[in-house]
Amino acid sequence: MASAQSQEDQVLEEETSFVRILTLNRPRQLNALSAQMGKGRAFCAGGDVAAVVRGINEGDWISGAKFFSKEFILNYLMATYTKPQVSILNGIVMGGGAGVSIHGRFRVATENSVFAMPETALGLFPDIGASYFLSRLPGFFGEYVGLTGARLDGAEMRACGLATHFVPSSRLALLEEALYKVNSSDPAVISAVIDKFSLEPYLKDHSAYHWMDVIDKCFSRRTVEEILSALESESTNRADAWISDAIQSLKKASPTSLKISLRSIREGRLQGVGQCLIREYRMVCHVMMGEVSKDFFEGCRAILLDKDKNPKWKPSKLELVNDNMVDQYFSKINDDRWEDIKLPARSNLPATAIAKL
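Residues numbered from 1 in each chain as written. Predicted model: local features only at pLDDT ≥ 70, side-chain atom pairs only at ≥ 80, totals over all residues. Heavy atoms only, no water.

- Per an unreviewed UniProt entry, the recorded name for the chain is 3-hydroxyisobutyryl-CoA hydrolase 1, and the organism is Citrus sinensis.

Structure below.
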């Protein structure tokens with residue numbers, strides 16, 4: 001999924017004092033995750049799904065399955081890692097970029113951070129264990145973020161818990177220098193170091209997070225249709241931009257993606273991170289096979305390849321996506337070459353990791 005020339009340096013590794021530093025290094029692709037894997041204006045803009053689609057179009061969906069299997073296993077290892085991981089999220093954090101950071105112990109946002117899970121606009125769904133961490137955000141904020149693909153800034157990430165700290169970008173060099181000198185893997189010690197450079201950011205007046213009562217009222221509804229109807233009802237009484245943006249995002253997104261995403265997040269509320277990743281792996285394999293809907297290919301064409309931003313979804317309306325169709329995404333794959341993802345056994349885990357299981 002990448003040229004031989006570029007495979008060597010897609011992840012830069014450095015050891016200094018007591019710290020190992022991993023830097024994602026595909027700046028031209030906004031550090032999109034490849035099978036080999038930052039620098040530039042993005043922490044990580046997601047998995048390289050365009051490469052996956054190219055492989056599927058050549059008749060090789062199993063290679064795509066292997067890509068997602070490796071990615072999800074990495075997510076699981078990070079979620080249950082014994083040593084504290086500090087992710088500096090000074091830029092774009094989307095999709096797969098969230099998978100290699102949000103599962104870690106410490107997530108440092110800045111004024112440059114932009115978080116989103118934009119998968120429903122691509123004919124996909126929030127994967128990489130997102131049904132685990134989105135479902136654990138306050139109230140029904142996870143449903144709002146996961147279904148609409150809303151972009152959050154660093155202050156909003158800190159407010160909802162996606163980020164554990166907020167550090168101005170001007171202080172990052174000093175923070176990193178201080179972390180290099182920490183001779184301890186005690187999370188309390190590391191947190192105290194980050195705290196010295198942190199501040200509580202100002203939440204902008206127009207932030208949707210100020211309206212959690214409305215978000216909970218709308219996004220707690222049982223179906224996507226009911227959520228959309230509730231938002232439209234609210235829009236008649238108030239002229240808040242975030243409501244109209246949410247409505248437009250839901251209407252532009254893949255109807256199939258919206259329905260499987262909502263069910264995934266709802267199931268995630270009752271599952272551990274491993275169970276979420278196993279289920280999401282089944283779902284993403286069904287998406288790649290395209291037996292129920294080929295929206296993933298159409299979304300990638302319209303957004304990433306041709307870039308006309310005008311996908312033609314099939315089915316085209318929410319009411320055309322029935323429960324039986326949604327159920328298929330949560331079932332085992334009927335293909336002799338396929339098997340459920342096998343997550344590695346973990347032992348001697350810290351309490352924070354055990355709680356995720």
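More follows now that the structure is in view.
### Comments concerning empty space enclosed by the protein
Reasoning step 1: Counted as a void, the largest cavity has a volume near 50 Å³.
Reasoning step 2: Lining of the largest cavity is provided by G123, L124, S254, T256, S257, I260, V287, S293, D295, F296 and Y329.
Reasoning step 3: Looking at the lining of the largest cavity, the elements that each hand over two or more residues are α12 (255-268) and α14 (295-305).
Reasoning step 4: When its residues are assigned to classes, the lining of the largest cavity shows five nonpolar, five polar and one charged. (1 Å grid on protein atoms, 1.4 Å probe; cavity = no way out; pocket = protein on both sides within 12 Å on 5 of 7 lines; lining within 4 Å. Points joined across faces, edges and corners; volume = space filled by probe spheres on them. Helix = DSSP H or I, 4+ residues; strand = E, 2+ residues; numbered from the N terminus. Nonpolar A, V, L, I, M, F, W, Y, C, P; charged D, E, K, R; others polar.)

### Some thoughts on the nonpolar core
Reasoning step 1: Within the largest apolar cluster, 83 residues are counted, with the highest numbers of intra-cluster contacts made by W61, F115, F133, F141, Y144 and L231.
Reasoning step 2: Considering each element in turn, this core owes the most residues, 10 residues, to helix α13 (residues 273-289).
Reasoning step 3: In contact with F133, not counting residues within four places along its chain, are A98, I102, H103, F115, I128 and L162.
Reasoning step 4: Core analysis: the second largest hydrophobic core is formed by 11 residues, L179, V182, I190 and V193 among them. (Core = buried A, V, L, I, M, F, W, Y, C linked by side-chain atoms within 4.5 Å. Buried < 20%, exposed > 50% of the residue type's maximum accessible area, 1.4 Å probe, protein only. Contact = heavy atoms within 4.5 Å.)

### Examining helix α1 (residues 49-57)
Reasoning step 1: Of all nine residues in α1, seven are buried, a share of seventy percent or more.
Reasoning step 2: Among the residues making up α1, those that are buried are V49, A50, A51, V52, V53, G55 and I56.
Reasoning step 3: Contacts made by the buried residues of α1 are with α2 (61-79), α13 and α14.
Reasoning step 4: Once α1 finishes, G59 follows within two positions and takes phi at roughly 90 degrees, a positive value.

### Things to note about the pattern of salt bridges
Reasoning step 1: Per the counting criterion, the structure on display carries 19 salt bridges.
Reasoning step 2: In this structure, R266 engages E143 in a salt bridge whose closest nitrogen and oxygen atoms are separated by 2.9 Å. Residue R266 is located in helix α12, and its partner E143 is located in helix α5 (residues 141-148); the two are separated by 123 residues in the primary sequence.
Reasoning step 3: Each member of the salt-bridge network shares a partner with another, and the members are K217, E234, R238 and D240. (Salt bridge = Lys/Arg side-chain N within 4 Å of Asp/Glu carboxyl O.)

### Looking at the packing of aromatic side chains
Reasoning step 1: For the structure on display, the rule yields nine aromatic pairs.
Reasoning step 2: Considering the side-chain rings of F141 and Y209, the 5.1 Å spacing of their centres and the 85 degrees angle between planes classify their relative orientation as edge-to-face. With F141 in helix α5 and Y209 in the loop between α8 (187-195) and α9 (212-219), this residue pair connects regions lying 68 residues apart in the sequence. Residues F141 and Y209 agree in their burial class; the two are buried.
Reasoning step 3: Arranged with centres 5.6 Å apart and planes meeting at 75 degrees, the rings of Y144 and F219 form a pair that is edge-to-face. Here Y144 is found in helix α5, whereas its partner F219 is found in helix α9, with 75 residues between them in sequence.
Reasoning step 4: Residue classification places Y144 among the buried residues on the basis of a relative accessible area of 6%.
Reasoning step 5: Joined through ring pairs, the aromatic side chains of F67, F68, F72, Y281 and W338 make up one cluster.
Reasoning step 6: Positioned above the aromatic ring of F140 is the side chain of R269, whose terminal nitrogen or guanidinium carbon lies 4.5 Å from the ring centre. (Phe/Tyr/Trp six-rings, centres within 6.5 Å; stacked < 30°, edge-to-face > 60°. Lys NZ or Arg CZ within 6 Å of the ring centre and 35° of its normal.)

### Thoughts on the environment of L74
Reasoning step 1: In this structure, L74 sits in helix α2.
Reasoning step 2: A C-alpha to C-alpha distance of 31 Å links L74 and L199, two positions 125 residues apart in sequence.

### Here we look at the packing of α2 against α13
Reasoning step 1: Remark: α2 packs on α13, axes separated minimally by 10 Å, with the N-to-C direction vectors making an angle of 165 degrees. As judged from the angle between their axes, α2 and α13 are roughly antiparallel. Crossing geometry of α2 relative to α13 is assigned as right-handed. On the side of α2, the interface is formed by W61, G64, A65, F68, S69, F72, N75, Y76 and A79, while α13 contributes V273, G274, L277, E280, Y281, V284, C285, M288 and M289.
Reasoning step 2: Residues of the contact of α2 with α13, tallied by class, amount to 13 nonpolar, four polar and one charged. (Axes fitted to C-alpha atoms, helices over the stretch in contact; angles between N-to-C directions. Parallel < 35°, antiparallel > 145°, perpendicular 65-115°, else oblique. Left-handed = near helix turned anticlockwise from the far one by under 90°.)

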